[in-house]
Amino acid sequence: MLLKILSIKDKRLRKKSKKMFFYNKIKKIFLIKRMIFTMYEKKGIGISSTQINFKNKIIIVDLNKKNKPSIIINPSVIKNSSLITLSTEGCLSIKNFFINIPRPEKIFLNFVNLYNKIKKKIFNNINSRCLQHEIDHLNGILIIDYNNKIIKT
């Protein structure tokens, strides 16, 4: 079943998400399956729980759209690389808007997977960019917030 994605005008997109605790595995799996379905239906490569008005930290990413999504719960950036790249980003919550955003090329991330296992992993390039975009959502930050921060060279 398709979930409603909050649009840019919705103030709930600005609320920070909270850590997810696993008290009901069935509800968690059902929600994650619906998030995955919604992301694919909307032709996205990533979706955060904030975008569907769920206030716990969940990110789904599938850059190749091959039905092999990464499920990232309670992400925490340990460290960013110093190398910054500039690339264009769009957002499921902001239709027809794209912006060049400078982001670290590599991030070191702590997270919990679907099976409640704590993981540490390095993400590079587009994987890093997509995860940083979705982590921004969990913190109430949208790509439009970068509009005034970009230095044009």
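Here the structure is a predicted model, which is why all the values come from computation and not from measurement.

Looking at the overall build of the chain
- Helix and strand content of the chain: two helices and seven strands.
- Across the chain, helices and strands are ordered from the amino to the carboxyl terminus as α-β-β-β-β-β-β-β-α.
- The C-alpha atoms of the chain give 15 Å as radius of gyration, which agrees with the globular expectation for 153 residues (15 Å, within 12%).
- Projected onto its principal axes, the C-alpha positions of the chain cover 50 × 35 × 30 Å.
- In the chain, which comprises 153 residues, the share counted as buried stands at 44%.
- In the chain, the proportion of contacts linking residues at least 24 apart, taken out of those at least 6 apart, comes to 63%.
- Here the chain displays about 9400 Å² of accessible surface, and carbon together with sulfur accounts for 54% of that area.
- Distance between charge centres in the chain, computed from 32 positive and 8 negative side chains, equals 7 Å.

Observations regarding the UniProt feature "binding site: Fe cation" (unreviewed entry) in the chain
- The UniProt entry lists Cys91, His133 and His137 under the feature "binding site: Fe cation" (unreviewed entry), expressed in the numbering used here. Separation in sequence by 47 residues is not matched in space for these annotated residues, since their most distant C-alpha atoms are only 10.1 Å apart. The subset of these annotated residues that lines the largest cavity comprises His133 and His137.
- Cysteine 91 has contacts with Gln51, Phe97, His133, His137 and Ile143, leaving out every residue within four places of it along the chain.
- Position of histidine 133 relative to the elements: it lies in helix α2 (residues 125–138).
- Using a relative accessible area of 7% as the deciding quantity, one classes histidine 133 as buried.
- Excluding residues that lie within four positions of it along the chain, histidine 133 makes contacts with Glu89, Gly90, Cys91, Arg103 and Ile143.

Some words on the packing of aromatic side chains
- Evaluation of the coordinates by the stated rule reveals one aromatic pair.
- Note on phenylalanine 111 and phenylalanine 123: the rings are 6.2 Å apart at their centroids and 50° apart in plane angle, and the pair reads as tilted. Of the two residues, phenylalanine 111 sits in strand β6 (residues 106–112) while phenylalanine 123 sits in strand β7 (residues 118–124), which places them 12 residues apart along the sequence. Grouping residues by exposure puts phenylalanine 111 and phenylalanine 123 together as buried.

Some thoughts on the pairing of β7
- With seven bridges joining them, β6 and β7 adopt antiparallel strand pairing. Considered in β7, the bridge of lysine 106 is made with asparagine 124.
- Between β6 and β7, which follow one another and run antiparallel, lie five residues, and asparagine 116 among them has a positive phi close to 70°.

A few points about the layout of surface pockets
- Of the voids in this model, the largest pocket is the one considered here, and its volume is about 540 Å³.
- Contributing to the lining of the largest pocket are 28 residues, with Gly44, Ile45, Gly90, Cys91 and Leu92 lying nearest its centre.
- Broken down by secondary-structure element, the contributors of at least two residues to the lining of the largest pocket are β4 (84–91), β5 (94–104) and α2.
- Ranked by residues supplied to the lining of the largest pocket, first place goes to α2 with six residues.
- When grouped by side-chain class, the residues that make up the lining of the largest pocket number 11 nonpolar, 10 polar and seven charged.
- In this structure, the second largest pocket encloses a volume near 170 Å³.
- Mapped onto the lining of the second largest pocket, the elements with two or more residues apiece are β3 (70–80), β7 and α2.
- For the lining of the second largest pocket, the residue count by class is five nonpolar, three polar and four charged.

The rules behind these values
Residues numbered from 1 in each chain as written. Predicted model: local features only at pLDDT ≥ 70, side-chain atom pairs only at ≥ 80, totals over all residues. Heavy atoms only, no water. Helix = DSSP H or I, 4+ residues; strand = E, 2+ residues; numbered from the N terminus. Rg over C-alpha atoms; globule rule 2.2 N^0.38 Å. Buried < 20%, exposed > 50% of the residue type's maximum accessible area, 1.4 Å probe, protein only. Contact = heavy atoms within 4.5 Å. Areas by Shrake-Rupley, 256 points an atom, 1.4 Å probe, with all protein chains shown as cover. Lys, Arg positive; Asp, Glu negative; His and termini not counted. Charge placed at Lys NZ, Arg CZ, Asp CG, Glu CD. UniProt positions renumbered as here; feature names shortened; annotations may be inferred. 1 Å grid on protein atoms, 1.4 Å probe; cavity = no way out; pocket = protein on both sides within 12 Å on 5 of 7 lines; lining within 4 Å. Phe/Tyr/Trp six-rings, centres within 6.5 Å; stacked < 30°, edge-to-face > 60°. Pairing = 2+ DSSP bridges. Points joined across faces, edges and corners; volume = space filled by probe spheres on them. Nonpolar A, V, L, I, M, F, W, Y, C, P; charged D, E, K, R; others polar.

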